[in-house]
Amino acid sequence: MIANIPYVAVAVLIIIGLYTVIFRKNLIKMLIGITIIQSGVNLFLVSLGYREGGIAPIFTSVPNTDSAMMYPVPQALTLTSIVIGVAVLALMLSFIVHMYRHTKSLDVRQFGGDDQ
Amino acid sequence: MNFIDLIMSHAPALLVVIPLLGAFLTPLISKINDKVRNIFVIGILGVTAVFVLLVAQQVLDTGTITYVFGSSLQTVQNNTVIRILFEIDALSIFMALVSIILAFVASIYSWGFLEKETGQDKYYTLLLLMTAGMLGMVLTGDLFNFFVFIEITSIASAALIAFWTNKAKAVEAGFKYIFISTIGALFILFAIALLYGQYNALNIAKLADSITFTYLDKIALIIFISALAMKGGIVPMHMWLPDAYGRAPAPISLVLVGATQASIYGVFRVLFTLYGNVIHLPKISFGWILVLLGLITMIVGVIMAMIQTDFKRLIAYGAVAELGYIFLGVGTGLTIIANPDIGISSAPFAVEAMKGSIFHIINDALDVGLLFMVAGAVYYATKETSLNNLGGLARNMKYTTIFFIIGLLAISGIPPMNGFASKLLIYESTYQLNPIISIIAILSSIMLLAVFVKIFQSVFLGPKLKKFDDVKEVPKSMLIAMGIIASIIIFFGLFPDLIITNLVEPAVNALIHPENYLQWLTGGL
């Protein structure tokens, strides 16, 4: 049961993130919602990679005991995903800066309206 | 091994590497001068196009190519695929061909279109990055790699959509696009993690081999399809598409068509290859879901197009409607394939429907692309996109008018053009699944014709307007770009058999025979 707690946390994070994205009207807050979803997904990847008693897969520190080495793919995926997330976040923030310059407002309801 | 053999053996990797390296060299070469930079970018995309053709010939001659990154040592060890691969079958290379044609033409068109703009070095860098991302999306054989390339494509295209940051609407469209594609991509990553957690693999072939359609697999399938369809602009998840297409610079709208279709390729790859062995298991047929989505997309796209007053926005809704045809045909095919009672052998129309759809992918890209370029040309000449303010342009812009007529006939499926060839295949075959489907398809095609005739009348015909007295024909590079696409359209329209037997049929076979994709797993590599 205790091993499932990370997965519960993942579900909670993704749901909070989705709620923020859908119901908040402030652009910055919506952006925070996206980062919360992102943290949820990253946590999911990392917790998939956890094995009890496993050690880091470094060639020079192979122990003599028979404890298992981790397969480091999930950690590599998470790092990549974090890096991509930073790039997306920076781009979105720069868009928000531009939109604020045009309209002097961060409210999302000012947009749209040219679609009959 | 001599040099040419060495290059050819690494051609699949070079397809992504060349535009990627070119992208990072572009800002440096911009320092010399604009002309050298433009020639460099066109050259890079031209070389990539040559490599796509070479790889295409290899794939069509010898079947699926599997290119392993990093090492020639054994790839499968202890029942685990330990390296990243590119797996190129006929469908992948077909999509790569669509992307590279669009990117190459867009780079030629941009030369004239952006002549007076600032920030061109960033524009061309992002254009090459976007091309690299699209090519990677269609060529990769690894799910996580697919996610990375999706993100590269969406970051580059969002920045390009908002290229005119001085226009509030353009920034808004770019923000909308990046917001929606990021959420989509994050959920795709979640679905990939669901599969990875169960099967300990990220390789598409390996996953397809071991998938058993558990409860979690079903959740992953739904997430994959809805996220990729959202990025592909299928109704009811199309709200970003008219904004993005309508506000982006015209050459970017052209390349975005390719990016959308790369996402639709993702839907097909997931349904037919990743879940290829288990797709007959679910009680609700995914084929019918695709057919219904296609029908809604067509109807909503056409009806929304009718009431638009903005030139590019109208074409964007036309593009939404065209996406419906692609889903319709493939959905019809999937309905039959996933139903073991009927079987593909007793229902040959399923294969015909898929041929029509896959052929329509390239036709849609060309037709919609040509119309976007015409809209860009009209904007370039008059600085006006509202249909209410335009008129009488045929007198001053005769070549642009001819290209618009070609695009108009092609998108609405009138005989001598390519749109007719693929739409006829779709009409004939969907009629045998259910007559109502093909009636709706024909009806929306007629409505598309009506919509585009309306634009033709209000933009190009009518009396000469005083304010457009000094409007001139657009620069040569834009005319050449439109000419290339128009001649491909006419060529495809006159010789559809040639394209269908040589390019489309292998692509359809790659879809309906997932076992070819898995061959290297059992064959050893």
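Here the structure is a predicted model, which is why all the values come from computation and not from measurement.

Scanning chain A from terminus to terminus reveals three helices and zero strands. Each helix and strand of chain A, ordered N terminal to C terminal, gives the series α-α-α. Against the compact-globule benchmark of 13 Å for 116 residues, chain A has a radius of gyration of 20 Å, which places it well outside the compact range. Principal-axis analysis of the C-alpha atoms places the extent of chain A at approximately 70 × 35 × 20 Å. Within chain A, the fraction of its 116 residues that count as buried is 29%. Looking at chain A alone, contacts between residues at least 24 apart form 54% of all its contacts between residues at least 6 apart.

Let us now look at a nonpolar patch on the surface. Residues and elements named next belong to chain B. A grouping of Ile490, Phe491, Leu494, Phe495 and Leu498 is seen on the molecular surface, where their side chains present a nonpolar patch of about 440 Å² in accessible area. The element that contributes the greatest number of residues to the nonpolar patch is helix α18 (residues 476-494), accounting for three residues. With respect to the element layout, Phe495 can be found in the loop between α18 and α19 (496-512). We classify Phe495 as partly exposed; its relative accessible area is 44%.

Before going further, it helps to examine the pattern of salt bridges. Residues and elements named next belong to chain B. Taken as a whole and assessed by the stated rule, the structure comprises nine salt bridges over all chains. In this structure, Arg37 and Asp34 form a salt bridge, with 3.4 Å as the shortest nitrogen-oxygen distance. Pair noted here: Arg37 and Asp34 are both in helix α3 (residues 34-62), with a separation of three residues, about one helical turn. Measuring nitrogen to oxygen at the nearest pair gives 3.0 Å for the salt bridge that ties Lys355 to Glu505. On the criterion of sequence distance, the pair formed by Lys355 in helix α14 (residues 349-382) and Glu505 in helix α19 is long-range, its members being 150 residues apart.

A water-sized probe rolled over the atoms picks out the places where empty space is left. Residue and element names in this part refer to chain B. Summed over all chains, the structure comprises three cavities of 30 Å³ or more. Space inside the largest cavity adds up to approximately 80 Å³. Lining the largest cavity we find Met137, Thr140, Leu143, Phe146, Ile204, Tyr265, Gly266, Arg269, Val270 and Leu274. Looking at the lining of the largest cavity, the elements with two or more residues in it are α6 (143-161) and α11 (250-274). Per-element tally for the lining of the largest cavity: the top contributor is α11, with five residues. A per-class count over the lining of the largest cavity returns seven nonpolar, two polar and one charged. Looking at the second largest cavity, its volume works out to about 60 Å³. Every residue along the wall of the second largest cavity is listed here: Met137, Ile150, Thr153, Tyr177, Lys231, Trp240, Leu256, Ala259, Thr260 and Ser263. Mapped onto the lining of the second largest cavity, the elements with two or more residues apiece are α6 and α11. Ranked by the residues each element gives to the lining of the second largest cavity, the list is headed by α11, at four residues. Per-class residue counts for the lining of the second largest cavity are six nonpolar, three polar and one charged.

Cis rather than trans, the peptide bond between B:Val235 and B:Pro236 has omega equal to 10 degrees. We note that A:Lys104 has phi near 55 degrees; this positive angle belongs to a residue other than glycine. By the element assignment, A:Lys104 lies in the segment after α3 (73-103). Its relative accessible area of 58% is what places A:Lys104 among the exposed residues. One non-glycine residue, B:Phe213, adopts positive backbone phi at about 60 degrees. You can see B:Phe213 is positioned in the loop between α8 (204-210) and α9 (215-232).

We now examine the interface of chain B and chain A. Counting from both sides, the interface comprises 42 residues of chain B and, opposite them, 34 residues of chain A. Buried area between chain B and chain A, summed over both chains or domains, comes out near 3300 Å², and the portion from carbon and sulfur atoms is 79%. The three residues of chain B that bury the most area against chain A are B:Phe175, B:Phe179 and B:Leu186, which together make up 19% of that side's buried surface. Seen at the junction of chain B and chain A, the total is zero salt bridges. For the pair chain B and chain A, the interface holds one residue pair in polar contact (both at pLDDT 80 or more). Broken down by secondary-structure element, the contributors of at least two residues to the side of chain B that touches chain A are β3 (80-81), α6, α7 (168-199), α10 (240-247) and α13 (311-337) of chain B. A total of 18 residues in the side of chain B that touches chain A trace back to one element, the largest contributor, which is α7(B). The residue inventory of the side of chain B that touches chain A, partitioned by class, reads 26 nonpolar, nine polar and seven charged.

On to the environment of A:Leu27. Within the secondary structure layout, A:Leu27 lies in helix α2 (residues 27-48). Note on A:Leu27: relative accessible area 0%, which makes it buried. On a C-alpha basis, the gap between A:Leu27 and A:Val108 in space is 6.1 Å, while along the polypeptide they are 81 residues apart. Among all residues touching A:Leu27, those that are not within four sequence positions of it are A:Ile96, A:Met99, A:Leu106, A:Val108, A:Phe111 and B:Phe175.

Residue and element names in this part refer to chain B. Look at α3 against helix α5 (residues 120-139): their axes get within 11 Å of each other, and the N-to-C directions meet at 5 degrees. Taken together, the axes of α3 and α5 lie roughly parallel to each other. Contacts between α3 and α5 involve Asp34, Arg37, Asn38, Val41, Ile44, Leu45 and Thr48 on the former and, on the latter, Gln120, Asp121, Tyr124, Leu128, Thr131 and Leu135. Broken down by class, the residue content of the contact of α3 with α5 amounts to six nonpolar, four polar and three charged.

Cut-offs and rules
- Residues take numbers from 1 onward in each chain, read along the sequence in its written order.
- The naming scheme follows written order: chains are lettered A onward, ligands numbered 1 onward.
- Two thresholds apply to this predicted model, a pLDDT of at least 70 for residue-level local features and 80 or more for giving and counting side-chain atom pairs, whereas whole-chain, interface and lining totals are computed over all residues.
- Values reported for side chains reflect all heavy atoms of the structure, with hydrogen atoms and water molecules removed beforehand.
- The helix count covers DSSP runs of H or I at least four residues long, the strand count covers runs of E at least two residues long, and both are numbered beginning at the N terminus.
- All radius of gyration figures rest on C-alpha atoms, and the globule criterion is 2.2 Å times the number of residues raised to 0.38.
- Three labels apply to residues, based on accessible area from a 1.4 Å probe with only protein chains included: buried if under 20% of the type maximum, exposed if over 50%, partly exposed otherwise in between.
- Contact between two residues is taken to exist if any of their heavy atoms lie within 4.5 Å; hydrogens are not considered.
- Each patch is assembled from residues with relative accessible area greater than 30% and no salt bridge, linking like charges that lie within 9 Å and nonpolar side chains (Val, Leu, Ile, Met, Phe, Trp, Tyr) that lie within 5 Å.
- A 1.4 Å probe and the Shrake-Rupley method give the accessible areas. Residues count as covered only by the protein chains that appear here.
- Any Lys or Arg side-chain nitrogen found within 4 Å of a carboxyl oxygen on Asp or Glu counts as a salt bridge.
- Two kinds of site are reported from a 1 Å grid over the protein atoms alone, namely cavities, where a 1.4 Å probe fits but cannot get out, and pockets, open sets with protein on both sides within 12 Å along at least five of seven lines, and residues are called lining when an atom falls within 4 Å of a point.
- Grid points are joined across faces, edges and corners, and a volume is the space filled by probe spheres set on the points.
- Asp, Glu, Lys and Arg are counted as charged, while Ala, Val, Leu, Ile, Met, Phe, Trp, Tyr, Cys and Pro are counted as nonpolar; the rest, among them Gly, fall into the polar class.
- Put simply, buried area is how much 1.4 Å-probe accessible surface two parts lose in total, over both of them, once they are put together.
- Definition of a polar contact: a pair of N or O atoms within 3.5 Å, with one able to donate and the other able to accept a hydrogen when the atoms are protein atoms, and with sequence-neighbouring residues admitted only if both atoms are side-chain atoms.
- For every element, the axis is a line fit to its C-alpha atoms; helices are fit only across the contacting stretch, and the angle between N-to-C directions ranges from 0 to 180 degrees.
- Each angle gets one of four labels, with under 35 degrees taken as roughly parallel, over 145 as roughly antiparallel, 65 to 115 as roughly perpendicular, and the rest as oblique.

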